[in-house]
Protein chains: 2
Amino acid sequence: MEMFVHDEIPSAEVDRREKVLSSLTDSVRDLVDATIRSTVADDELVAVRDEVDALVARLRVAQLPGPAGVRFNSEGRSWNWGNAVVGRGNAIAPPVLNVHDDDNATAYAEVTLGAAYEGPPGMVHGGVSALLLDQIMGETASGFKRLTMTGTLTLRYCRPLPLGPVRLDARIADENGRKITVAATIGVPGEEAAVEATGLFLIPSWAPIDETEQGWSRSAEG
Amino acid sequence: MEMFVHDEIPSAEVDRREKVLSSLTDSVRDLVDATIRSTVADDELVAVRDEVDALVARLRVAQLPGPAGVRFNSEGRSWNWGNAVVGRGNAIAPPVLNVHDDDNATAYAEVTLGAAYEGPPGMVHGGVSALLLDQIMGETASGFKRLTMTGTLTLRYCRPLPLGPVRLDARIADENGRKITVAATIGVPGEEAAVEATGLFLIPSWAPIDETEQGWSRSAEG
């Protein structure tokens, strides 16, 4: 856990950078999709590849030595731009929008999954459903107020999930000391769940049961 | 399952295209990493974004109308370039190399996971472990000889898994008619498993128990 970095950048500056970075990330995500689906001639693929390599070199002129980690400032703002599911700088992450209800015991998210998330033909990869469920279930367990870690995760695949708009729902089913049980589903919005999940999340013995540095704890998910 | 497409391209031509596409995909994967880690100035990020958009437009001059699906020719060659874990055209997919043992009852894979696969700071996202495990377990269940679908998947998170080289191991633990139980792990090579998984995979009632069109069945995983 050595990579929770105290980075004393004013929140306004973090917000500005996040906006610019998100815009680049959206374009790279678009490039991932176009690479999968393009049918242009081989020599054009090679030409585009050379241009991509040139852009990589420009970005690497100045860069972090390793992964982005999780950063926070003393205003309580935290940012985890590299997170595989919700990182604003990570083009692997689908643009998931999490919405927590007021009581913090439930959460939902809606996202459209395109060609990059395919497993069986035309369907969402079963492991992608697991990836998204793990993230939203962890966020629900932590409820923005404490650090939690995934203990066990059980997934039941009920029916294939077509690529396109999907909805995730999660709720705290049980809470007992440092053990929090979360139930969740993913499926086509308005239809029966494609995957049902149950997860046991743990508050580590070294962490407070109710964390007050809210931004910090939230970003530990995943 | 309407997207298993019979695409009568000679295998030699498929191989050539796959090689060119893989090369572009590797560069796009590199761009995903550089986007996460770059610390260049905002205006340079914006300039790079505009260049990325121009490359997307070039690739989209000719493209598939939707996801890549799974394609096969009558020589028995199949290709699933869009697959989220093993697709050669999918920059989200880490470069996983699966190696099946001769008896087809076990499989392993080694891969290095970089900044794009982060969850907790410096650690592999728990959902990414689930994603990779689901893929290798499905491939082990199908053993290249039949179509299988994930029924249930149970994951036990034993310890954090640092970003870097990881190894996956999977084996068929039990087989009973159309039900195949697979056990698998992911962890740092040579160390104790970080995540232990058990999965129940099913051969659908409409599919043969021992598929002969091997290439076709293999690519249905995910």
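Fair warning: this is a prediction, and the values are worked out from it, not measured in the lab. The numbers attached to residues start from 1 for each chain and follow its sequence in the written order. Ligands are numbered from 1 and chains lettered from A, in the order in which they are written. Two thresholds apply to this predicted model, a pLDDT of at least 70 for residue-level local features and 80 or more for giving and counting side-chain atom pairs, whereas whole-chain, interface and lining totals are computed over all residues. Here the side-chain values reflect all heavy atoms present in the structure, with hydrogen atoms and water set aside.

**With respect to the domain arrangement of chain A**
All names here are of chain A.
In step 1: With domains assigned, chain A is organised as domain 1 (1-93) and domain 2 (96-218).
In step 2: Computed over C-alpha atoms only, the centres of domain 1 and domain 2 are separated by 23 Å.
In step 3: Contact with domain 1, which involves 15 residues of that partner, is made by 12 residues of domain 2.
In step 4: By definition, a salt bridge exists where a carboxyl oxygen of Asp or Glu is found within 4 Å of a side-chain nitrogen of Lys or Arg. The interface formed by domain 1 and domain 2 holds zero salt bridges in total. How far each domain reaches was decided by an automatic or database domain assignment. Contacts were defined at the residue level, with two residues in contact if any of their heavy atoms lie within 4.5 Å.

**Here we look at the relation of the copies chain B and chain A**
In step 1: Here the copies were fitted onto each other by least squares, based on C-alpha atoms from residues at pLDDT of at least 70 in both. Of the two same-sequence chains, chain B is brought onto chain A (RMSD 0.0 Å, axial shift 0.0 Å) by a rotation of 180°. In short, the pair behaves as if placed about a two-fold rotation axis. Taking C-alpha positions as reference, the residue of chain B nearest the rotation axis is B:Thr154, located at 2.2 Å.
In step 2: Mapped onto chain A, 100% of the interface residues of chain B are again interface residues, and the two copies thus contact each other with one and the same surface.

**Some thoughts on the pairing of strand β9 (residues 195-202) of chain B**
Residues and elements named next belong to chain B.
In step 1: Burial classes follow relative accessibility: with a 1.4 Å probe on protein chains only, a residue under 20% of its type's maximum area counts as buried, one over 50% as exposed, and anything between as partly exposed. A run of H or I in DSSP becomes a helix once it reaches four residues, and a run of E becomes a strand once it reaches two; helices and strands are each numbered from the N terminus. Residue alternation in β9 divides its side chains into a buried set, Val 195, Ala 197, Gly 199 and Phe 201, and an unburied set, Glu 196, Thr 198, Leu 200 and Leu 202.
In step 2: Bridge count for strand β6 (residues 149-157) against β9 is eight bridges, and the pairing is antiparallel. Bridge pairing in β9 places Met 149 opposite Leu 202.
In step 3: A pair of strands counts as paired when DSSP detects no fewer than two bridges linking them. As paired elements, strand β8 (residues 179-187) and β9 share eight bridges and run antiparallel to each other. Looking at β9, one finds that Lys 179 is bridged to Leu 202.

**Concerning the interface of chain B and chain A**
In step 1: Each partner contributes residues to the interface: chain B has 89 residues there, and chain A has 89 residues.
In step 2: For the pair chain B and chain A, the summed buried surface comes to about 7900 Å²; carbon and sulfur atoms form 63% of the total.
In step 3: Once two parts are joined, some of their accessible surface, as seen by a 1.4 Å probe, is lost; buried area is that loss totalled over both. Contact with chain A buries area across many residues of chain B, yet B:Arg37, B:Leu59 and B:Pro121 alone supply 9% of it, more than any other trio.
In step 4: Put simply, chain B and chain A have 10 salt bridges between them.
In step 5: Here B:Arg16 and A:Asp42 are joined by a salt bridge, their closest N and O atoms 2.8 Å apart.
In step 6: In protein, a polar contact requires one atom able to donate a hydrogen and another able to accept it; more generally it is a pair of N or O atoms within 3.5 Å, and residues adjacent in sequence count only if both atoms are side-chain atoms. Summed over the shared surface of chain B and chain A, the result is 44 residue pairs in polar contact (both at pLDDT 80 or more).
In step 7: Looking at the side of chain B that touches chain A, the elements with two or more residues in it are α1 (11-37), α2 (42-59), α3 (126-142) and β6 of chain B.
In step 8: It is α1(B) that contributes the most residues to the side of chain B that touches chain A, 17 residues altogether.
In step 9: Looking at the side of chain B that touches chain A, its residues break down into 49 nonpolar, 24 polar and 16 charged.
In step 10: Across five bridges, the pairing between strand β6 (residues 149-157) of chain A and β6(B) is antiparallel. Gly falls in the polar group here, along with every residue not listed as nonpolar (Ala, Val, Leu, Ile, Met, Phe, Trp, Tyr, Cys, Pro) or charged (Asp, Glu, Lys, Arg).

**With respect to the packing of aromatic side chains**
Between two aromatic rings, the relevant description is the distance of the centres plus the angle of the planes.
Residue and element names in this part refer to chain A.
In step 1: To pair, rings of Phe, Tyr and Trp, with the six-membered ring standing in for Trp, must have centres within 6.5 Å; the planes then decide the type, stacked if under 30 degrees apart, edge-to-face if over 60, and tilted in the middle. According to the stated counting rule, one finds two aromatic pairs over all chains in the structure shown.
In step 2: Judged by centre distance (6.0 Å) and plane angle (40°), the rings of Trp 79 and Trp 81 are tilted.
In step 3: In this structure Trp 79 comes out as buried when scored by relative accessible area, which is 4%.
In step 4: Its end group placed over the ring of Tyr 108, Arg 167 keeps NZ or CZ at 4.2 Å from the ring centre. Whether a charge sits over a ring comes down to the Lys NZ or Arg CZ being within 6 Å of the ring centre and within 35 degrees of the ring normal.

**A closer look at the environment of B:His125**
All names here are of chain B.
In step 1: Note on placement: His 125 falls in the loop between β5 (106-113) and α3.
In step 2: Residue classification places His 125 among the buried residues on the basis of a relative accessible area of 0%.
In step 3: For the pair His 125 and Asp 50, spaced 75 residues apart in the sequence, the C-alpha separation amounts to 30 Å.

**Re the sheet that holds strand β2 (residues 70-72) of chain B**
Residues and elements named next belong to chain B.
In step 1: Strand order in the open sheet made by the three strands is β1-β2-β3, with mixed pairing throughout. The open sheet has two free edges, formed respectively by β1 (4-6) and β3 (78-79), since each of these has just one partner strand.
In step 2: With two bridges connecting them, β2 and β3 associate as antiparallel partners. Within β3, the residue paired with Arg 71 across the bridge is Trp 79.

**Here we look at the side chain of A:Thr150**
In step 1: With respect to the helices and strands, the residue A:Thr150 is situated in strand β6.
In step 2: Only 3.1 Å separates the side chain of A:Thr150 from the side chain of A:Asp134, close enough to count as a polar contact.
In step 3: Ignoring anything within four residues of it in the chain, the contact list for A:Thr150 reads A:Asp134, A:Leu200, A:Phe201 and B:Tyr157.

**Considerations on the sheet that holds strand β1 (residues 4-6) of chain A**
In step 1: Reading across from one edge, β1-β2-β3 (chain A) is the order of the three strands in this open sheet, with mixed pairing throughout. Looking along the sheet, the strands with just one partner apiece sit at the ends: β1 and β3 (78-79) of chain A.

**What about the environment of B:Gly187?**
Residue and element names in this part refer to chain B.
In step 1: Looking at where Gly 187 falls in the secondary structure, it is placed in strand β8.
In step 2: Relative accessible area serves as the criterion here: at 4%, Gly 187 is assigned to the buried category.
In step 3: Between the C-alpha atom of Gly 187 and that of Arg 167, which follows or precedes it by 20 residues, the distance is 5.6 Å.
In step 4: Contacts of Gly 187, omitting those with residues within four sequence positions, involve Leu 161, Val 166, Arg 167 and Ala 194.

**Focus on the confidence of the model for chain A**
Residues and elements named next belong to chain A.
In step 1: Looking at chain A as a whole, its pLDDT mean stands at 89, while 91% of the residues score no less than 70.
In step 2: Scored from 0 to 100, pLDDT records how confident the predictor is in each individual residue. When pLDDT is averaged over each helix and strand of chain A, the minimum, 40, is found for helix α4 (residues 214-218) and the maximum, 98, for helix α2 (residues 42-59).
In step 3: Predicted confidence is poor over residues 212-221, with pLDDT under 50, and the contacts of this stretch with residues over four places away or in other chains come to 30 contacts.

**Examining the packing of α2(A) against α2(B)**
In step 1: Only the stretch in contact is used when fitting a helix axis, every axis being a line fitted to C-alpha atoms; angles between N-to-C directions are given from 0 to 180 degrees. Where α2(A) contacts α2(B), the two axes come as close as 11 Å, and the packing angle between them is 170°. Compared by their axis directions, α2(A) and α2(B) come out roughly antiparallel. In this structure, α2(A) uses A:Glu44, A:Leu45, A:Ala47, A:Val48, A:Glu51, A:Val52, A:Leu55, A:Arg58 and A:Leu59 to contact α2(B), whose residues at the interface are B:Glu44, B:Leu45, B:Ala47, B:Val48, B:Glu51, B:Val52, B:Leu55, B:Arg58 and B:Leu59.
In step 2: Among the residues forming the contact of α2(A) with α2(B), the class breakdown is 12 nonpolar, no polar and six charged. Small angles under 35 degrees read as roughly parallel and large ones over 145 as roughly antiparallel, with 65 to 115 read as roughly perpendicular and the rest as oblique.

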